[in-house]
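# Observations on the three-dimensional arrangement
Listed below are the residues making up each chain.
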Amino acid sequence: MGAAEPLIVIENLRVEFAQDGQRAIALRGVDISLYKNEVHGLVGESGSGKTITAMSIVGLLPRQALKLLSGSIRYEGRELLSRSEEELRSYRGSKIAMIFQEPAKYLNPAFTVGEQIRETIREHMGLDRSQANARARELLALVGLGNDGRVLAAYPHELSSGMKQRAMIAIAISCNPDFLIADEPTTSLDVTLQAQILKLLRTLKDMKKMGVLFISHDLSVIKEIADRVSVIYAGKIVESTSVTRLFGHPMHPYTRLLLMSIPDARRKGRRLAAIAGQVLDARADPQGCVFAPRCPMARDLCFKESPTFIAHEQDHMSACHFAEEAWKL
Amino acid sequence: MNLVKYAAKRVLRLIITLFIVSTIIFFVIRVIPGDPALIIGGVDAKPADLEAIRARLGTDRPLSTQYAEFLWSILHLDFGRSMISDEPVTSLILQRFPLTLALAVLGLLIGILIAVPLGVLSAVKRWSGWDYLGLVLSQLGMAIPSFWLGILLLLVLAIRFPIFPLFGVDSGAGLVLPALSLGLARAAILLRHTRASMIEELSKEYIVAARAKGLPETLIRYKHALKNALLPIITIAGIEFGYMLGGAIIVEQVFSLPGLGRLFLYAIYQRDFPLIQGGVVFIAVIFSVVNFVADMLYSIVNPKIRLE
């Protein structure tokens, strides 16, 4: 996995925005390397900066509110952050596609599913109407919505929520993107549908050799789909490694505590661990570790000096002064 | 098939509306002070003459008889004759209608053609110079009375620079100024709604999705957002159109146009009962038809709205 060149490299990404006249920090140093044919899970609680990371990649940060401070996002070695809007637009939907949490809101209610697929194809692939239509039909069959053209002519409100998410996936993969960003795509679905959509995404990834950034707050979903995981806390990536290593041998106390908070049948009857304290205030810019105020193993050093995000073991990055001790928690 | 059922339902509703409306207007005009016989005969008329006029008009009979007769005749689409000119009410209305229709259509067109592009521009370039200009213009448009705007238009474009005729509609040019003063007022109202509606739609999630698909911003605005934003615009435009079809009294007065507004106004002055009744029924029908068309447009613009 790590042998090939990464498709997308995000380095030290910092983003801030104005909140009630004060500056608030949305991302305080995000480093992620994303590869083709690999599902990279990005896990963190709400407000930790998952969606902002995703939106930064496709250049869709809300313009007025968010200010990019520093960092770099490279796609196939070329910097994305300095690109013009027009150049970024040619990437979006064709090379990097996105699916979202609530398909009901992210599909336009006034147009048929077919039209919403066709317009994307026509924009990026330069096909004419009938070619685009034929392709849209194939795509719907591919995501399991049949090829009788019924869904093609349907409006979003005529579909069930699982079908809507499949339709959104069809739009996303319509131009054979190299990379797919999936922002909590299963959170609004029930467990059965969730499993089906995860399976579909996995199949499509294998078939198209796509890279996937799978955003979720749910570690059990991440465990099911991801090859590699990055854990984000308060706008900073605190740990990144393969899914087996992360679940087997976490090297950041936050990850360790997150893992302990997953309900587990084998630990039935025991209390679920909750992480004490509150998430770091976005307006704060501590000189020490962002997790130190809630960390059960924090020492003086943790409040004084921010740990660098480095490899502690082969292919296992962590931003903790005491990474080796985290698994003992 | 469904549409036929729907239309039948609407027609039934229209009939009930018409019954209620005509009943109310029948009694209201007879309860308010003013006797058509006195207006026809004049204040100096002798009581005997007045009696004779009342007998001729039929207003001397009991109200219940008059009401029964009124209902019976409108069932046969007969609205009677004007008490003043003795012409059939239907032909009086139909004579005036083409002018009013032309004015209403032009006024609505002008309103939409100004309001929608400016409203979209305002919404897209929010808090920019364009937006403030749009807001100020729409504030002015709503605050300026249409008679004043009409007179101003006449002063400038008919007298100072005689481009358009001062009055009369013998040529189409005569319609321009009245349509403009009607349309500018509609534009003011529609602009506000277009702006608000576009701003709302542009903040929806499907816009983010459209951007993530790499669609050009113009397509996102004019295809994705505008189609959804049209809904409230259609509602307001429909209501405004309905009002204009009932006649634009002030604009007709300023430009001395023989439209429905003045016809109905004089009918009320002269207590011309059949003409008032016919006018009210006519306006109710027009409103129902316009509403029906607006509802049809609704279901085209937003497929979620089913005709039921």
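Computed from a predicted model, the values in this text were never measured in an experiment.

Next up on the list: the overall build of chain A. The secondary structure content of chain A amounts to 11 helices and 12 strands. Taking 329 residues into account, the globule formula puts the C-alpha radius of gyration at 20 Å, and chain A, at 21 Å, falls close to it. Across the 329 residues in chain A, those meeting the buried criterion constitute 53%. Pairs at least 24 apart in sequence give 65% of the contacts found in chain A among residues at least 6 apart. On chain A, roughly 14,600 Å² of surface is accessible, and the fraction owed to carbon and sulfur atoms is 49%.

Turning to the packing of helix 8 (residues 173-202) of chain B against helix 10 (residues 217-245) of chain B, a few remarks are in order. When two helices pack together, their arrangement is captured by the angle between the axes and the distance separating the axes. Residue and element names in this part refer to chain B. Packing of helix 8 against helix 10 brings their axes to within 9 Å, and their N-to-C directions diverge by 145 degrees. Our pair here, helix 8 against helix 10, has a crossing hand that is right-handed. Contact with helix 8, carried on its side by Leu182, Arg186, Ile189, Leu190, His193, Thr194, Ser197, Met198, Glu201 and Leu202, involves Arg221, Ala225, Leu226, Asn228, Ala229, Pro232, Ile233, Ile236, Ala237, Glu240 and Met244 of helix 10 and no other residues of that element. Partitioned by chemical class, the residues of the contact of helix 8 with helix 10 number 13 nonpolar, four polar and four charged.

Attention shifts here to unusual backbone geometry. Phi at Asn176 of chain A takes a positive value of approximately 50 degrees, unusual for a residue other than glycine. Positionally, Asn176 of chain A belongs in the loop between helix 6 (161-172) and strand 7 (179-183). Residue classification places Asn176 of chain A among the partly exposed residues on the basis of a relative accessible area of 38%. Not every positive phi belongs to a glycine, and Asp86 of chain B is a case in point at roughly 65 degrees. Looking at the element boundaries, Asp86 of chain B is found in the loop between helix 4 (63-75) and helix 5 (89-124).

Attention now moves to the pairing of strand 10 (residues 236-242) of chain A. Residues and elements named next belong to chain A. Of all seven residues in strand 10, seven are buried, a share of seventy percent or more. In terms of strand pairing, strand 9 (residues 228-233) meets strand 10 through six bridges, oriented antiparallel. Paired with Ser230 across the strands is Ser240, a residue of strand 10. Counted between consecutive antiparallel strands, the loop separating strand 9 from strand 10 contains two residues, among which Ala234 sits at a positive phi close to 50 degrees. Where strand 10 meets strand 12 (residues 316-318), two bridges bridge the pair, whose relative direction is antiparallel. By the bridge assignment for strand 12, Ser240 is matched with Met317.

Residue and element names in this part refer to chain B. What the domain assignment lists for chain B is domain 1 (1-84 + 273-308) and domain 2 (96-269). Using only C-alpha atoms to locate each centre, domain 1 and domain 2 end up separated by 30 Å. Each side of the interface is counted separately: domain 1 has 16 residues, and domain 2 has 19 residues. Buried area between domain 1 and domain 2, summed over both chains or domains, comes out near 1,500 Å², and the portion from carbon and sulfur atoms is 84%. Connecting domain 1 to domain 2 are zero salt bridges. Linking domain 1 with domain 2 are one residue pair in polar contact (both at pLDDT 80 or more). Here the side of domain 1 that touches domain 2 gets 13 residues from one element, more than from any other, and that element is helix 13 (residues 273-301). By residue class, the composition of the side of domain 1 that touches domain 2 is 14 nonpolar, two polar and no charged.

All right, on to the sheet that holds strand 3 (residues 39-43) of chain A then. Residue and element names in this part refer to chain A. Strand order in the open sheet made by the eight strands is 6-7-8-3-9-10-12-11, with mixed pairing throughout. Two strands bound the open sheet, and with one partner strand each, they are strand 6 (96-99) and strand 11 (310-313). Neighbour-to-neighbour, the strand axes of this sheet turn through a mean angle of 25 degrees, independent of strand direction. As paired strands, strand 3 and strand 8 (residues 211-216) are joined by five bridges and run parallel to one another. Counterpart to Gly41 in the pairing with strand 8 is Phe214. Relative to the sheet, helix 1 (residues 50-57) contacts strand 3, strand 6, strand 7, strand 8 and strand 9, its axis offset from that of strand 8 by approximately 150 degrees. On the sheet, helix 6 packs against strand 6 and strand 7 and is oriented at approximately 170 degrees with respect to strand 6.

Another point: the side chain of Arg228 of chain A. Residues and elements named next belong to chain A. In this fold, Arg228 is placed in strand 9. A polar contact is formed between the side chain of Arg228 and the side chain of Glu38, at a distance of 3.4 Å. Beyond its immediate stretch of four places on either side in the chain, Arg228 contacts Glu38, Val39, His40, Gly41, Thr241, Ser242, Val243 and Asp315.

We now examine the pairing of strand 11 of chain A. Alignment of strand 11 of chain A against strand 12 of chain A, held across three bridges, turns out to be antiparallel. Residue pairing for strand 12 of chain A: Ile310 of chain A is matched across the bridge by Ser318 of chain A.

Conventions used here
- Residue indices follow the written sequence of each chain, beginning from 1 at its first position.
- By the order in which they are written, chains take letters starting at A while ligands take numbers starting at 1.
- At least 70 in pLDDT is required for a residue's local features to be given in this predicted model, at least 80 for side-chain atom pairs to be given and counted, and no such filter applies to totals for whole chains, interfaces and linings, which use all residues.
- Heavy atoms from the whole structure form the basis of all side-chain values; hydrogens and water molecules are not counted.
- Only runs of H or I of at least four residues qualify as helices and only runs of E of at least two qualify as strands under DSSP, and these elements are numbered from the N terminus.
- C-alpha atoms define the radius of gyration, and 2.2 Å times the number of residues to the power 0.38 defines the globule rule.
- When a residue's accessible area, from a 1.4 Å probe over protein chains only, is under 20% of the maximum for its type it is buried; when over 50% it is exposed; and in between it is partly exposed.
- In this description, contact between two residues means that some pair of their heavy atoms is separated by no more than 4.5 Å.
- All accessible-area figures derive from a Shrake-Rupley calculation using a 1.4 Å probe, and residue coverage is judged against the displayed protein chains alone.
- Between the N-to-C directions of two axes lies an angle of 0 to 180 degrees, each axis being a line fitted to C-alpha atoms and, for a helix, fitted only over the stretch in contact.
- Left-handed describes a crossing whose near helix is turned anticlockwise from the far helix through less than a right angle; right-handed describes the clockwise counterpart.
- Gly counts as polar in this scheme, as do all residues outside two lists: the nonpolar Ala, Val, Leu, Ile, Met, Phe, Trp, Tyr, Cys and Pro, and the charged Asp, Glu, Lys and Arg.
- If DSSP finds at least two bridges between two strands, the strands pair.
- Each domain span listed reflects an automatic or database assignment of domains.
- Put simply, buried area is how much 1.4 Å-probe accessible surface two parts lose in total, over both of them, once they are put together.
- A side-chain nitrogen of Lys or Arg and a carboxyl oxygen of Asp or Glu constitute a salt bridge if their distance falls within 4 Å.
- Here a polar contact is taken to be a pair of N or O atoms separated by no more than 3.5 Å, where protein atoms must pair a possible hydrogen donor with a possible acceptor and residues adjacent in sequence count only if both atoms sit in side chains.

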